[in-house]
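Coordinates in review
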Amino acid sequence: MTMRRSLLVGLAVVIVLGLGAWAQSVSLNVTAYSDAVRFSAQGSVKELRVEILSLSGQKVFDSGPVLSNALDWKLLNTQGQLVANGVYLYTVTVKDSFGNVTKRLGKLAVLRGKGIAAPPLSGITVGELATGKERLAPMAYDATNWFISGQLGVGTDTPTYKAEVQDDTDNVLNQTVLRISRQAGTTNLNTFLQVENYTNNAAAGSHLRLAFARGTRGSPSPVANGDRLGSLIYSGWDGSTFQNPAAVFGKVAGSVSAGNVPAKLTFETGGCFSGCANPRAERMVVMPDGNVGVGTSTPSALLHVNNAANQPGVRIDSSSGTNALEIYNTQGGTNLIFRVERTTGNVYADGNFQGGGADVAERIDASEALEPGDVVEIDPENPGKFRKAREAVSTRVAGVIST
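All right, on to the overall build of the protein chain then. Across its full length, the protein chain holds 0 helices and 27 strands. Among the 403 residues that make up the protein chain, the fraction classed as buried is 28%. Considering only contacts within the protein chain whose residues lie at least 6 apart along the sequence, 36% involve residues at least 24 apart. Total accessible area on the protein chain stands at roughly 25400 Å², and carbon and sulfur atoms take up 52% of it.

Shown next, in the form of structure tokens:
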């Protein structure tokens, strides 16, 4: 197929003069606009490259290999400066999906004048961006951004979802399947990934954000104690505020030295993300040594529960099994040394009770007023109740009233 020229008579600022032969499977259009020259190839196109040279052979512009079948030369040189009026050479190199390379050499004359601006490219197609066929899903343009309007497959030519990445590499350690990178700036927190699920009201929905930070001090200097290393944030968005966020933060815990950045995990929930009367608060922390703190940020045991509210610090619910609570000594074996039976509440311990002067007592029902120190006996006249002992060496004596 021969080359087709598109000239905008009376408006064009570029006159295109085509030279040379072109592969039969590919056709080339060169279209002139007031601000650009558009090179577009039709056919089996995987990669396109355009080079602009002066008549003396000096390179003026090089697009480099572009995964596209169309691109614009904005009449700029490699330094980003507008080129002078005159005649230039161009070389167009096309690679098809089978790896075949064809080239086209031509001349074009830049004549500045009135014309129309180049419209946005209607679609950048790169064949098929997937293993083998290298297919890219259809793309659209909304005057600001390109976006995929179909399904994108990487490593698969039959994607099931809007975007699907497959890796059939087997038994390869440290094999990264998908990598998202972003140059860290000076802000406290850089969001790397945000997943949103909107309701019918586009302003409301749920969010999941994966973020990393270089430090709460807002600078690219090395991290210090308390700085955030990364976070996973869950929150609802009502159109103006992140509501009831829950976050898992990785933070520096302690002094930082070469080869040592101790880290801890903190789990936080609260009323809002920041800047409100009821911000989120830390609920649990896992320290570098493995200690877990609930209600405390400095756990001194493998599990440290600190409760300041008027409720139990620890509650155990059990609806089956023999014991509701068991404690073992595992040094030299597995020995059950303490247990609380689930159904009876009976407590068993391998050892003596050391009260340290404290009373061991239970509540009783009395048929008369009693005071601490009174010796009581079973009341024969009131079954289930007790009274003061009536005689010495009574066989009905039950105990002494405690303070």
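For the rest of this paragraph, the subject is the confidence of the model for the protein chain. Chain-level pLDDT for the protein chain is 78 on average; 76% of the residues reach the 70-or-more range. Within the protein chain, the element-level pLDDT minimum falls on strand 1 (residues 4-6), averaging 42, and the maximum on strand 20 (residues 292-294), averaging 96. Counting contacts from residues 1-12, a segment whose pLDDT is below 50, to residues more than four positions away or on other chains yields 32 contacts. Throughout residues 123-137 the model reports pLDDT below 50, and contacts reaching past four residues in sequence, or to other chains, amount to 47 contacts.

Time to look at the environment of Cys272. Looking at the secondary structure, you find Cys272 in the loop between strand 18 (263-269) and strand 19 (281-286). With relative accessibility at 5%, the residue Cys272 sits in the buried group. Separated by 28 residues in sequence, Cys272 and Asn244 place their C-alpha atoms 5.2 Å apart.

With that settled, consider the nonpolar core. Residues Phe39, Ile52, Trp73, Val92 and Leu108 are the most contacted members of the largest nonpolar core, which totals 22 residues. Broken down by secondary-structure element, the contributors of at least two residues to this core are strand 3 (26-32), strand 4 (37-43), strand 5 (47-53), strand 6 (59-62), strand 7 (70-73), strand 8 (86-95) and strand 9 (101-110). For this core, the element with the highest residue contribution is strand 8, accounting for 4 residues.

Next up on the list: the layout of surface pockets. Considering only enclosed or pocket space, the largest pocket measures out at about 230 Å³ in volume. Taken together, Ala361, Glu362, Ile364, Val376, Phe386, Ala398, Gly399, Val400, Ile401 and Ser402 form the lining of the largest pocket. No other element matches strand 27 (residues 397-400), which puts 3 residues into the lining of the largest pocket. Within the lining of the largest pocket, the residues separate by chemical class into 7 nonpolar, 2 polar and 1 charged.

Right, let's get into the sheet that holds strand 23 (residues 335-341). Strand order in the open sheet formed by 3 strands is 22-23-24, with antiparallel pairing between adjacent strands. In this open sheet, the two strands that pair with only one neighbour each are strand 22 (323-329) and strand 24 (347-349). Each neighbouring strand pair of the sheet contributes to a mean axis angle of 15 degrees, computed without reference to strand direction. When strand 23 meets strand 24, the two strands line up antiparallel, connected through 3 bridges. Residue pairing in the sheet places Phe338 in a bridge with Ala349 of strand 24.

Take the pairing of strand 3 next. The buried fraction of strand 3 is high, at 7 of 7 residues. What you see with strand 3 is no split at all: Val26, Leu28, Val30 and Ala32 on one side and Ser27, Asn29 and Thr31 on the other are buried throughout. Across 7 bridges, the pairing between strand 3 and strand 4 is antiparallel. Along strand 4, the bridge assignment pairs Thr31 with Arg38. Counting the residues between successive antiparallel strands, the hairpin from strand 3 to strand 4 contains 4 residues.

With that settled, consider the pattern of salt bridges. Inspection of the entire model under this criterion finds 12 salt bridges. Where Lys59 meets Asp62, a salt bridge forms, and the shortest distance between an N and an O atom there is 3.2 Å. Here Asp62 falls in the partly exposed class, since its relative accessible area comes to 25%. Notably, a salt bridge pairs Asp365 with Arg363, separated by 2.9 Å at the nearest N-O pair. Owing to a relative accessible area of 37%, Asp365 belongs among the partly exposed residues under this scheme. What you see here is one network of salt bridges that share partners, running through Arg49, Glu51, Lys59 and Asp62.

Further remarks concern the pairing of strand 5. Where burial is concerned, most of strand 5 is hidden: 5 out of the 7 residues are buried. As paired strands, strand 5 and strand 8 are joined by 7 bridges and run antiparallel to one another. Counterpart to Ile52 in the pairing with strand 8 is Tyr90. Strand direction decides the pairing type here: strand 5 and strand 6, joined by 3 bridges, are antiparallel.

What counts, and at which threshold
- Residues numbered from 1 in each chain as written.
- Predicted model: local features only at pLDDT ≥ 70, side-chain atom pairs only at ≥ 80, totals over all residues.
- Heavy atoms only, no water.
- Helix = DSSP H or I, 4+ residues; strand = E, 2+ residues; numbered from the N terminus.
- Buried < 20%, exposed > 50% of the residue type's maximum accessible area, 1.4 Å probe, protein only.
- Contact = heavy atoms within 4.5 Å.
- Areas by Shrake-Rupley, 256 points an atom, 1.4 Å probe, with all protein chains shown as cover.
- pLDDT = per-residue confidence, 0-100.
- Core = buried A, V, L, I, M, F, W, Y, C linked by side-chain atoms within 4.5 Å.
- 1 Å grid on protein atoms, 1.4 Å probe; cavity = no way out; pocket = protein on both sides within 12 Å on 5 of 7 lines; lining within 4 Å.
- Points joined across faces, edges and corners; volume = space filled by probe spheres on them.
- Nonpolar A, V, L, I, M, F, W, Y, C, P; charged D, E, K, R; others polar.
- Pairing = 2+ DSSP bridges.
- Axes fitted to C-alpha atoms, helices over the stretch in contact; angles between N-to-C directions.
- Salt bridge = Lys/Arg side-chain N within 4 Å of Asp/Glu carboxyl O.

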